[in-house]
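Residues per chain, in single letters:
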Amino acid sequence: VTDLHKDRSFGELKEKQRSYASYIRSSGEQLLRLISEILDLSRIEAGRAAIKLDKIELANTIKDILLIFKDRAANNNIKITIEIEKEIKSIEADEQKIKQVLSNLLSNAIKFSPAGGSIHIRACAPQTDFVEVSVEDTGIGIKSEDIPKLFKPFSHLEPVYTKTTKGTGLGLALAKRLVELHGGKIWIESEYGKGSKFIFTLPVR
């Protein structure tokens, strides 16, 4: 219904009505995202989550995710660049789950980067048996004492990070579990006030 109002299917709305409709719509989307993440995390914790390994082109997977976030980044005046080593061709992974990991990392990078900031996505193969993907931003960064909290479910950081943003507190915890299901690892390198870099690895096979 809020989409119909937003598209003016029921006629023109006043500015205040459009604001209410937009708020209701964003709140509904956040609730759906929270429910989905809780269900996904619950399945993993219960040992009932399975991954479907297929041969995927990692470069194409990354580019697909960029298409989703391209407009959002542009609206926030944030530039996204990618760097994919030519040595990376295909890996065996669950593409939907890898997209979910990338979506969570990219969403956070945009959320915590200021207007005029930048995000750099890099994929490389430091060894022949695994690939490494990183999402680096020029955002607010994370204090060293707060880094251990990042991958814990429902863990929210202090207001200095979140005063202008809201989240479910599950995105990074879910990303960690999904990477680990593939036999990979995920970590962060960050300096408060200078940005963050999330890195994860995936076995080639």
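Rules and cut-offs
Residues numbered from 1 in each chain as written. Predicted model: local features only at pLDDT ≥ 70, side-chain atom pairs only at ≥ 80, totals over all residues. Heavy atoms only, no water. Salt bridge = Lys/Arg side-chain N within 4 Å of Asp/Glu carboxyl O. Helix = DSSP H or I, 4+ residues; strand = E, 2+ residues; numbered from the N terminus. Buried < 20%, exposed > 50% of the residue type's maximum accessible area, 1.4 Å probe, protein only. Core = buried A, V, L, I, M, F, W, Y, C linked by side-chain atoms within 4.5 Å. Pairing = 2+ DSSP bridges. Axes fitted to C-alpha atoms, helices over the stretch in contact; angles between N-to-C directions. Contact = heavy atoms within 4.5 Å. Polar contact = N/O pair within 3.5 Å; in protein donor to acceptor, adjacent residues only side chain to side chain. Phe/Tyr/Trp six-rings, centres within 6.5 Å; stacked < 30°, edge-to-face > 60°. Expected span 1.5 Å × (residues − 1). Bend = angle between axes of the 7 residues up to and from the residue.

A. Region of the structure containing the pattern of salt bridges. Under the definition given, this model contains seven salt bridges. A salt bridge links aspartate 64 to lysine 99; the shortest N-O distance between them is 3.4 Å. Of this pair, aspartate 64 sits in helix α3 (residues 58-75) while lysine 99 sits in helix α4 (residues 95-111), placing them 35 residues apart in sequence. The partner of glutamate 83 in a salt bridge is arginine 122, and the shortest N-O contact between them spans 3.3 Å. Of this pair, glutamate 83 sits in strand β2 (residues 79-84) while arginine 122 sits in strand β4 (residues 118-127), and the two are 39 residues apart along the sequence. Residue glutamate 83 is classed as partly exposed on the basis of its relative accessible area, which comes to 35%. What emerges from the salt-bridge pattern is a single network uniting Glu83, Glu85 and Arg122.

B. Structural detail: the nonpolar core. Counting 38 residues, the largest nonpolar core has Leu58, Ile91, Leu105, Leu106, Ile119 and Phe200 as its most contacted members. Of all the elements, α4 adds the most residues to this core, at seven residues.

C. Representation of the sheet that holds strand β5 (residues 130-137) in the model. The five strands lie next to each other as β2-β4-β5-β7-β6, forming an open sheet whose pairing is mixed. Each edge of the open sheet carries a strand with a single partner, namely β2 and β6 (186-191). Neighbour-to-neighbour, the strand axes of the sheet open up by a mean angle of 15°, direction not taken into account. Sheet topology places β2 next to β4; six bridges connect them, and they run parallel. Residue threonine 81 lies in a different strand from β4, and its bridge partner there is histidine 120.

D. Structural detail: unusual backbone geometry. In this structure, asparagine 77 is a non-glycine residue whose phi angle is positive, near 55°. A relative accessible area of 52% places asparagine 77 in the exposed class.

E. Seen up close, the environment of threonine 128. Here threonine 128 lies in the loop between β4 and β5. Relative accessible area serves as the criterion here: at 78%, threonine 128 is assigned to the exposed category. Counting along the chain gives 76 residues from threonine 128 to valine 204, while the straight-line C-alpha distance between them is 7.7 Å.

F. Structural context of the environment of threonine 61. Counting through the fold element by element, threonine 61 comes out in helix α3. As for threonine 61 and lysine 99, which are separated by 38 residues in sequence, their C-alpha atoms are 6.8 Å apart. Residue contacts for threonine 61: discarding those within four places in its chain leaves Ile56, Glu95, Ile98, Lys99 and Leu102. In terms of polar contacts, threonine 61 uses its side chain to reach the side chain of glutamate 95, at 2.7 Å.

G. Spatial organisation of the packing of aromatic side chains. Counted under the stated rule, the structure contains one aromatic pair. Each ring, one from phenylalanine 151 and one from phenylalanine 198, has its centre 6.2 Å from the other, and the planes form 85°; the classification is edge-to-face. You can see phenylalanine 151 sitting in the loop between β5 and α5 (159-162) and its partner phenylalanine 198 sitting in strand β7 (residues 195-203), a full 47 residues away along the chain. In terms of burial, phenylalanine 151 and phenylalanine 198 fall into one category: buried.

H. Up close: the pairing of β6. In this structure, β6 lies alongside β7, joined through six bridges in antiparallel fashion. When the sheet's bridge partners are listed, serine 190 is paired in β7 with serine 196. With antiparallel pairing between neighbouring strands as the criterion, β6 and β7 make up a hairpin whose turn holds three residues, including glycine 193 at a positive phi of roughly 90°.

I. Spatial organisation of α4. The first and last C-alpha atoms of α4 sit 24 Å apart over 17 residues, in line with the 24 Å expected at 1.5 Å per residue. Extensive coverage of α4 is indicated by the burial of 13 of its 17 residues.

J. Here's a closer look at α3. For α3, built from 18 residues, the straight-helix expectation of 26 Å at 1.5 Å per residue is met to within 8% by its first-to-last C-alpha distance of 26 Å. At phenylalanine 69, α3 shows its strongest bend, of approximately 45°. Inspection of α3 places Leu58, Ala59, Thr61, Ile62, Ile65, Leu66, Phe69 and Ala73 among the buried residues, and these make up the whole buried set. Once α3 finishes, asparagine 77 follows within two positions and takes phi at roughly 55°, a positive value.

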